[in-house]
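# Examining the three-dimensional arrangement
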Amino acid sequence: MLTNIAVILVATVVLSLLGVGSMLDESGTGLNLTNLLIFCFVFGMAGSFISLLISKPIAKWTTKAQIIESPRTATERWLMDEIRDMSTRAGIDMPEVAVFPMQQANAFATGWNRNKALVAISSGMIERYSKDEIRAVMGHEIGHVANGDMITLSLVQGVVNTFVLFFARIIGFAVDKAIFKTERGVGPGFYIVTIVAQIVLGILASTIVMWFSRRREFVADVAGAELGSRSGMISALRHLKAESAIPDQMPESLNAFGINSGKRSGIKALFMSHPPLEDRIKALEGAQF
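Residues numbered from 1 in each chain as written. Predicted model: local features only at pLDDT ≥ 70, side-chain atom pairs only at ≥ 80, totals over all residues. Heavy atoms only, no water.

### Concerning the sheet that holds strand β3 (residues 107-110)
With mixed pairing, four strands are arranged side by side in an open sheet as β1-β2-β4-β3. The two strands at the open ends of the sheet, each matched to only one other strand, are β1 (66-67) and β3. Summarising the sheet, strand β2 (residues 96-100) and strand β4 (residues 118-122) pair through five bridges and their orientation is parallel. Directly across from A98, in β4, lies its bridge partner A120. Running over the sheet, helix α3 (residues 55-63) touches β1, β2, β3 and β4 and is turned about 155 degrees from β3. (Pairing = 2+ DSSP bridges. Helix = DSSP H or I, 4+ residues; strand = E, 2+ residues; numbered from the N terminus. Contact = heavy atoms within 4.5 Å. Axes fitted to C-alpha atoms, helices over the stretch in contact; angles between N-to-C directions.)

### Structural notes on the packing of helix α8 (residues 188-227) against helix α9 (residues 230-242)
At a minimum axis separation of 6 Å, α8 and α9 run at an interaxial angle of 130 degrees. One way to sum up the angle between α8 and α9 is to call them oblique. Within the contact between the two elements, α8 uses D221, G224 and A225 and α9 uses R230, M233 and L237. (Parallel < 35°, antiparallel > 145°, perpendicular 65-115°, else oblique.)

### Points about a nonpolar patch on the surface
A surface patch of nonpolar side chains, about 530 Å² in accessible area, is lined by L53, I54, I58, W61 and W112. Examined against the element boundaries, W112 turns out to sit in the loop between β3 and β4. (Patch = residues over 30% accessible without salt bridge, like charges linked within 9 Å, V, L, I, M, F, W, Y side chains within 5 Å. Areas by Shrake-Rupley, 256 points an atom, 1.4 Å probe, with all protein chains shown as cover. Salt bridge = Lys/Arg side-chain N within 4 Å of Asp/Glu carboxyl O.)

### Things to note about the nonpolar core
With 37 residues, the main nonpolar core has L79 and M138 as its most contacted residues. Mapped onto this core, the elements with two or more residues apiece are α4 (74-90), β2, β3, β4, α6 (131-146), α8, α9 and α10 (277-286). The greatest single-element share of this core, amounting to seven residues, is contributed by α6. Contact partners of L79, with chain neighbours within four places excluded, come to I68, V97, I121, I134 and M138. Counting nine residues, the second largest nonpolar core, distinct from the first, contains M23, L36, L165 and F173. (Core = buried A, V, L, I, M, F, W, Y, C linked by side-chain atoms within 4.5 Å. Buried < 20%, exposed > 50% of the residue type's maximum accessible area, 1.4 Å probe, protein only.)

What follows is the structure, encoded as structure tokens:
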């Protein structure tokens, strides 16, 4: 709800500054496509980037992640030292480091700025995985941060949002004129059809975002192998595959930035944020670096 309110406020201010009024032309019988595109761009980008800006506090809240302020155990001290070393080699500032209570082995990175990021690992992964595997997994997450994947994914999502909003309104306007015979302005048919079109187009368009997310996972795996070790990264992925029967406990909103996500097949595979683990292992074994 807070995100939606913020989007409306930001969009209203920006639209006012740009002098953008109605999406209808002066006669009220057609669309002003320039105004409509600006309207959709502002709303589409605002929603995506406001979500990015609040990603760290939302991630901490939804996973109950505990920030390591000062290491309390030898494991935490080792983890902080490794992440500090990998961050320096990756050319980014030391991110916040957290552990979140989850039996499923997982880790994620998020944050609006590559130098003010958060990387977190589940307690289950710390308990069951070797140091080489953990080092590679955290290198994978550092790779996401260093490559700016959070920002790039938000840009892609914002562009997708823009075109979904834009074409949904064009479809709604066309149907309202052709079927509901509204001559001036828009009638109830426009709003009904627009909502339906926006849902359908949004579902279809999300496959583009997920395709991009899957591509970035291969790149982050290479980063994990370079910052950690190839053997450690491959071992961690095999370990994740062996534990695939453990239910996915990661909040849906963070799946794109985790190292592991639920297994899907068929059409559902198009909506996966991660490639199949066997494909990631094969790609990493054959990677040249």
